[in-house]
Amino acid sequence: MMGRTLFIDPGRCIGCQACVSGCRECDSHRGKSMIHLDYTDEGRSVASQPTVCMHCEDPVAPCAEVCPAEAILITPDGVVHEADPTRCIGCANCVNACPFGVPKIDLEAKLQLKCNMCYDRTELGLAPMCATVCPTGALFYGTLEELQADRPGVAVSNWFAFGDVGITTGAAMVVPDGRDSRPVPGGLPLVSVNGRDVPGAGATRAAAEQSGGAVA
């Protein structure tokens, strides 16, 4: 886990889309939001959850590993950046490789776009736009110690399981108490909705994006 990073707390998300609007103000992709806001039990509950780049650490960024143009930079602080527009060929390998379904392809520009943790802000010590504008703290930027001081007893995980494959990430997820010793299944948090555990709707979205190979 990175020192200062994003913590996603789906139990606090109210689906207000402030993060989506704030993300559009990021200078690296102004006008386009890189946040996926998933409704985890759509039609039966208002439960929702933001999905951002998790900045995979082990294995290191599958999106970067499969890029034939070496367009995706990983900086020493662990941030996995969006594609360099001078190198990206719009092949969508990264879309298919990302287990979280995060990267998007601008079909017109033939360019990959994704969350880069507002690097123009975070490298200066500022919080990403999404965490800055979130009214409930569903997106928290800081160290684990700062999160624990703000929310005593909080449990987090940066370990996700996809079948037999485990991935550790630079960003982390707040999980129900007692689940921090086990991987989050499918890369999506288990949210308690009406007394039952429900995985994020991003599973369907990710599958659709991967089968299509590109996202408009």
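Above this note sits the structure.
Keep in mind that what you see is a predicted model, and the values were worked out from it rather than measured. (Residues numbered from 1 in each chain as written. Predicted model: local features only at pLDDT ≥ 70, side-chain atom pairs only at ≥ 80, totals over all residues. Heavy atoms only, no water.)

## Re the packing of aromatic side chains
Okay, step 1: Under the criterion given, the structure shown has three aromatic pairs.
Okay, step 2: Three or more aromatic residues joined by ring pairs form one cluster here, namely Phe100, Phe160 and Phe162. (Phe/Tyr/Trp six-rings, centres within 6.5 Å; stacked < 30°, edge-to-face > 60°.)

## Notes on the pairing of strand E1 (residues 5-8)
Okay, step 1: Where E1 meets strand E7 (residues 139-142), four bridges bridge the pair, whose relative direction is antiparallel. In the sheet register, Thr5 faces E7, and the bridge partner there is Gly142.
Okay, step 2: Relative to strand E9 (residues 165-175), E1 is paired through two bridges, and the arrangement is parallel. Bridge pairing in E9 links Phe7 to Ala172. (Pairing = 2+ DSSP bridges. Helix = DSSP H or I, 4+ residues; strand = E, 2+ residues; numbered from the N terminus.)

## A look at the side chain of Thr51
Okay, step 1: Looking at the element boundaries, Thr51 is found in strand E3 (residues 48-51).
Okay, step 2: Judged by relative accessible area, which is 7%, Thr51 ranks as buried.
Okay, step 3: A distance of 3.2 Å separates the side chain of Thr51 from the side chain of Gln49, its partner in a polar contact. (Buried < 20%, exposed > 50% of the residue type's maximum accessible area, 1.4 Å probe, protein only. Polar contact = N/O pair within 3.5 Å; in protein donor to acceptor, adjacent residues only side chain to side chain.)

## Some points on the side chain of Asp9
Okay, step 1: Counting through the fold element by element, Asp9 comes out in the loop between E1 and helix H1 (18-23).
Okay, step 2: The residues touching Asp9, leaving out its near neighbours within four places in the chain, are Gly137, Ala138, Arg151 and Val174. (Contact = heavy atoms within 4.5 Å.)

## What to know about the pattern of salt bridges
Okay, step 1: Scanning all chains against the criterion turns up seven salt bridges.
Okay, step 2: With a closest N to O distance of 3.4 Å, Asp106 and Lys32 form a salt bridge. Placement of Asp106 in strand E5 (residues 104-106) and of Lys32 in the loop between H1 and strand E2 (36-39) is noted, with a sequence separation of 74 residues between them.
Okay, step 3: Judged by relative accessible area, Asp106 falls into the buried class, the value being 17%.
Okay, step 4: The class for Lys32 is partly exposed, based on a relative accessible area of 39%.
Okay, step 5: In the salt-bridge network here, residues are joined through shared partners; they are Asp9, Arg12, Asp150 and Arg151. (Salt bridge = Lys/Arg side-chain N within 4 Å of Asp/Glu carboxyl O.)

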